[in-house]
Amino acid sequence: MPMTKRLAHSRRRPSLSPLRALGACALALALVLALVAPRPAAAQQRGFTADRILLGTNPDDGFAVWRPVMSERTRFFGDLTAGYVLNPVGISAITDDARLRREGSAVISNQATLFASAGTEILGRFGFAVTAPLTVVNTSNDPGTGVTQGVDVNMVAVGDVRLDARGIAYASDSGAFRLGGSVSLFVPTGDQFSFTGDRSSHSLVQAMAEQKLGPFVVAENLGVHVRPYHEVGLLRFRNEGIFAAGLFLPVREGQWRFGAQVHGSTGLTSEGGRSTFFKSRNTPIEWLAEARHAFGGENRPWWAALGAGTLLANGYSAPDLRVLLRVGYHFGLSDTRPPAPRGRFIAPADRVAEHEPDRDGDGFPDAIDACPDAAEDHKEPKPNDGCPQESDRDGDGIPDREDKCPDVPEDRDGIDDADGCPEDDFDQDGVPDVKDDCPREPGKPSGKKGANGCPEFIRKIEGSNEIQILKKIEFDTGKATIKPVSFPILEEVISLLRINTNIRKVSIEGHTDSRGAYQMNKDLSASRAESVRRYIIDKGKIESDRLTSEGFGPDKPIASNDTDIGRARNRRVEFRILEQ
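This one's a predicted model, so the numbers in the text were calculated from it and none came from an experiment.

**Student:** In this structure, what is going on with the overall build of the protein? I would like to understand it.
**Tutor:** Across its full length, the protein holds five helices and 22 strands. For the protein, with 580 residues in total, the buried portion stands at 48%. For the protein, the share of sequence-separated contacts (at least 6 apart) that also reach a separation of at least 24 residues comes to 58%. Within the structure as shown, the protein displays about 28,000 Å² of accessible surface, and the carbon and sulfur contribution to it stands at 56%.

**Student:** Looking at this model, I keep getting lost on the confidence of the model for the protein. Mind explaining?
**Tutor:** Low pLDDT means the predicted coordinates in that region are not meant to be read closely. Scored by pLDDT, the protein comes out at a mean of 80, with 82% of its residues at no less than 70. When the criterion is pLDDT under 50, residues 1-44 qualifies, and its contacts beyond four places in sequence or with other chains add up to 81 contacts. Confidence over residues 340-353 falls short of pLDDT 50; this stretch has twelve contacts with residues more than four positions distant or in other chains.

**Student:** Would you mind showing me how to read the pairing of strand S1 (residues 75-90) here?
**Tutor:** A regular strand places its side chains on the two faces of the sheet in alternate fashion. Sheet topology places S1 next to strand S17 (residues 321-332); twelve bridges connect them, and they run antiparallel. The residue of S17 that forms the bridge with Tyr-84 is Val-323. The pairing of S1 with strand S2 (residues 106-122) spans 14 bridges and is antiparallel. Bridge pairing in S2 places Arg-75 opposite Glu-121.

**Student:** Explain helix H4 (residues 518-540) to me, please; I cannot follow it from the model alone.
**Tutor:** Because the α-helix completes a turn every 3.6 residues, residues three or four places apart line up on one side. With 23 residues, H4 should reach 33 Å at 1.5 Å per residue; the first-to-last C-alpha distance of 33 Å fits that figure. Among the residues trailing H4, Lys-541 stands out with phi positive, at a value near 55°.

**Student:** Teacher, can you tell me more about the packing of helix H3 (residues 487-499) against H4 here?
**Tutor:** Packed helices, taken two at a time, are described by their axes: the angle between them and the distance between them. Contact pair H3 / H4: the axes reach a minimum separation of 10 Å and the direction vectors enclose 65°. Where H3 crosses over H4, the two elements pack in a sense that is right-handed. For the pair H3 and H4, contact is made by Phe-487, Leu-490, Glu-491, Val-493, Ile-494, Leu-497 and Arg-498 and by Val-532, Tyr-535, Ile-536, Lys-539 and Gly-540, respectively.

**Student:** In this structure, what is going on with the pairing of strand S5 (residues 161-171)? I would like to understand it.
**Tutor:** The sheet contact formed by strand S3 (residues 126-139) and S5 spans six bridges and is antiparallel. Bridge pairing in S5 links Phe-126 to Gly-167. Summarising the sheet, S5 and strand S6 (residues 177-187) pair through ten bridges and their orientation is antiparallel. Among the inter-strand pairings, Ile-168 is bridged to a residue of S6, identified as Gly-180. From the end of S5 to the start of S6, which pair antiparallel, there are five residues, and Gly-175 there has a positive phi angle of about 80°.

**Student:** It is not clear to me how the pattern of salt bridges should be interpreted in this structure. Could you clarify?
**Tutor:** Counting across every chain of the model gives 26 salt bridges. For Glu-550, the salt bridge is made with Arg-73, and the minimal N-O distance between the two is 2.7 Å. On the criterion of sequence distance, the pair formed by Glu-550 in strand S21 (residues 547-551) and Arg-73 in the loop between helix H1 (24-36) and S1 is long-range, its members being 477 residues apart. Between Arg-533 and Glu-530 there is a salt bridge; the shortest N-O distance is 3.4 Å. With Arg-533 and Glu-530 both in helix H4 and three residues apart, this pair spans about one turn of that helix. Residue Glu-530 is classed as partly exposed on the basis of its relative accessible area, which comes to 27%.

**Student:** Can you help me understand the nonpolar core in this one?
**Tutor:** The tendency in soluble globular proteins is for nonpolar side chains to be buried side by side. Core analysis: the largest hydrophobic core is formed by 25 residues, its most contacted members being Ile-473, Leu-497, Ile-508, Val-532, Ile-536, Leu-547 and Phe-575. For this core, the elements supplying multiple residues, two or more each, are H3, strand S20 (505-511), H4 and strand S22 (572-579). Broken down by element, the residue count for this core peaks at six residues, all from H3. What Ile-473 contacts, discounting residues up to four positions off in sequence, is Ile-482, Ser-486, Ile-489, Leu-490, Val-573 and Phe-575.

**Student:** Would you mind showing me how to read unusual backbone geometry here?
**Tutor:** Phi is positive for Leu-123, close to 60°, though the residue is something other than glycine. As for its position among the elements, Leu-123 is in the loop between S2 and S3. According to the relative accessible area criterion, Leu-123 is exposed, its value standing at 67%.

**Student:** Please clarify how the state of the cysteines should be interpreted in this entry.
**Tutor:** Such a bond, covalent and formed between the sulfur atoms of two cysteines, is termed a disulfide. Counting across every chain of the model gives two disulfides. Between the sulfur atoms of Cys-371 and its disulfide mate Cys-387 the distance is 1.7 Å. Linking Cys-371 and Cys-387, the disulfide has an S-S dihedral of approximately 90° and is accordingly described as right-handed. Here Cys-371 is found in the loop between S17 and strand S18 (458-460), whereas its partner Cys-387 is found in the loop between S17 and S18, with 16 residues between them in sequence. For Cys-371, a relative accessible area of 22% puts it in the partly exposed group. With a sulfur-sulfur separation of 1.9 Å, Cys-438 is cross-linked through a disulfide to Cys-454.

Cut-offs used in this document
- Residues numbered from 1 in each chain as written.
- Predicted model: local features only at pLDDT ≥ 70, side-chain atom pairs only at ≥ 80, totals over all residues.
- Heavy atoms only, no water.
- Helix = DSSP H or I, 4+ residues; strand = E, 2+ residues; numbered from the N terminus.
- Buried < 20%, exposed > 50% of the residue type's maximum accessible area, 1.4 Å probe, protein only.
- Contact = heavy atoms within 4.5 Å.
- Areas by Shrake-Rupley, 256 points an atom, 1.4 Å probe, with all protein chains shown as cover.
- pLDDT = per-residue confidence, 0-100.
- Pairing = 2+ DSSP bridges.
- Expected span 1.5 Å × (residues − 1).
- Axes fitted to C-alpha atoms, helices over the stretch in contact; angles between N-to-C directions.
- Left-handed = near helix turned anticlockwise from the far one by under 90°.
- Salt bridge = Lys/Arg side-chain N within 4 Å of Asp/Glu carboxyl O.
- Core = buried A, V, L, I, M, F, W, Y, C linked by side-chain atoms within 4.5 Å.
- Disulfide = S-S within 2.5 Å.

Below, the structure written as structure tokens:
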């Protein structure tokens, strides 16, 4: 069915200004152009979005494959992608005329588009993003005969703005398997007469899955794209099923990533009396290879990626060639600890005005007197707080109200001297303190010099904020399941925390070597640290607010990752005291 209307010429639009902010500026520019761009008359033939790639926006995504992976901490990100496609809409997509098909002309022959994206990830589970495309080169090589009657499109044209919301529904303990989903809304800001937009809003719902297989990551997307009805020549389509799959290989702790992807779509409805489901005209499929490099400091906030590919099945919009170049940046938010409140200042009595009330007559006005009804006796340890010295029956310097043993003086042996009680066996391990080489750490009697009464697997060195683990905590390979052989180690940690109530908060920190995917190691180390935390809380009845857990993956090695011995040392769980 030939198209009988010729697309009118449009004014050339100004070129895009340099982007200072990747996401915000491009989006604002796209919206402005969408509002001021001239539109052809309604009688002209309407087109559709010619470039059918659904670019991933999050920092861990592939070009065409969306991954159910997010940062554990809130972060913001933005990127700018420059894409070029050759012959995205060929004449063969809309006509069966043998002569025109042989000529190989194209409705759209060249498109170069800038995609600006910006978004955020929160709570390690939810993400939101916006993508604004602007086509800066848009040409046709149709000879002006046959079906299209000489297509003439705008050289510069805005595309449909896309709004995304995604979430992670499930992640295994080791992080090796993940499921997620996303919802996208396309705002009709594009130029439908220049094949850069659909004529009304449309939406996309898709599922995301990912499985780690050794050093490789396999990701899949499957969804439904609800689109308005389009009819161009013999081409008719509306709602489509979309699909994508990718194989990725992270190397050098995730600094580099190489991948291969396949993506496409097919019709889900019957148009013109025929089904469009996996019919050649309605099923464009293409493949894409990519290389990605992360750089810029410890967290590698910058990344750049290059991709190229071509069609597997032409359909109506698979290009003969696709090239993509992306540059992106992300930054996170860190919690800060507020400063401790200042202590109360007690002014000397001789600096207070004489006319101020002083009920107990000790020279300290009631406004600053800690004991306004009991006169100050000026005795140590607090001779100027307005209070008399508190009762201390055993004379050990600890007031009776704070003394757990008010009639037995504290022995001042350096072991829990603030409770007012002498300690014969502080850690209650059966070894008297005078003979105990580790008086604060429950252990067992031993004939070894320097080890009597000491635990077998751990050490708490006085003056240090680390609980040393002398024997490594072991887990099932690739999992966060603690092996029973390591239970005795954790039991000693539990005993230490029970006795030393002054240790108020401990961080349990997981580490790995550098082999395997970077994000997989991060997730595995976090899962293992959390497994240890749960064991201590559940088995030892330790208060949960005394323990935190965190995974650092390969970021903090203590030995070289180039040897088996070094890698074994780097695979560890550490206990660090935060407050005591």
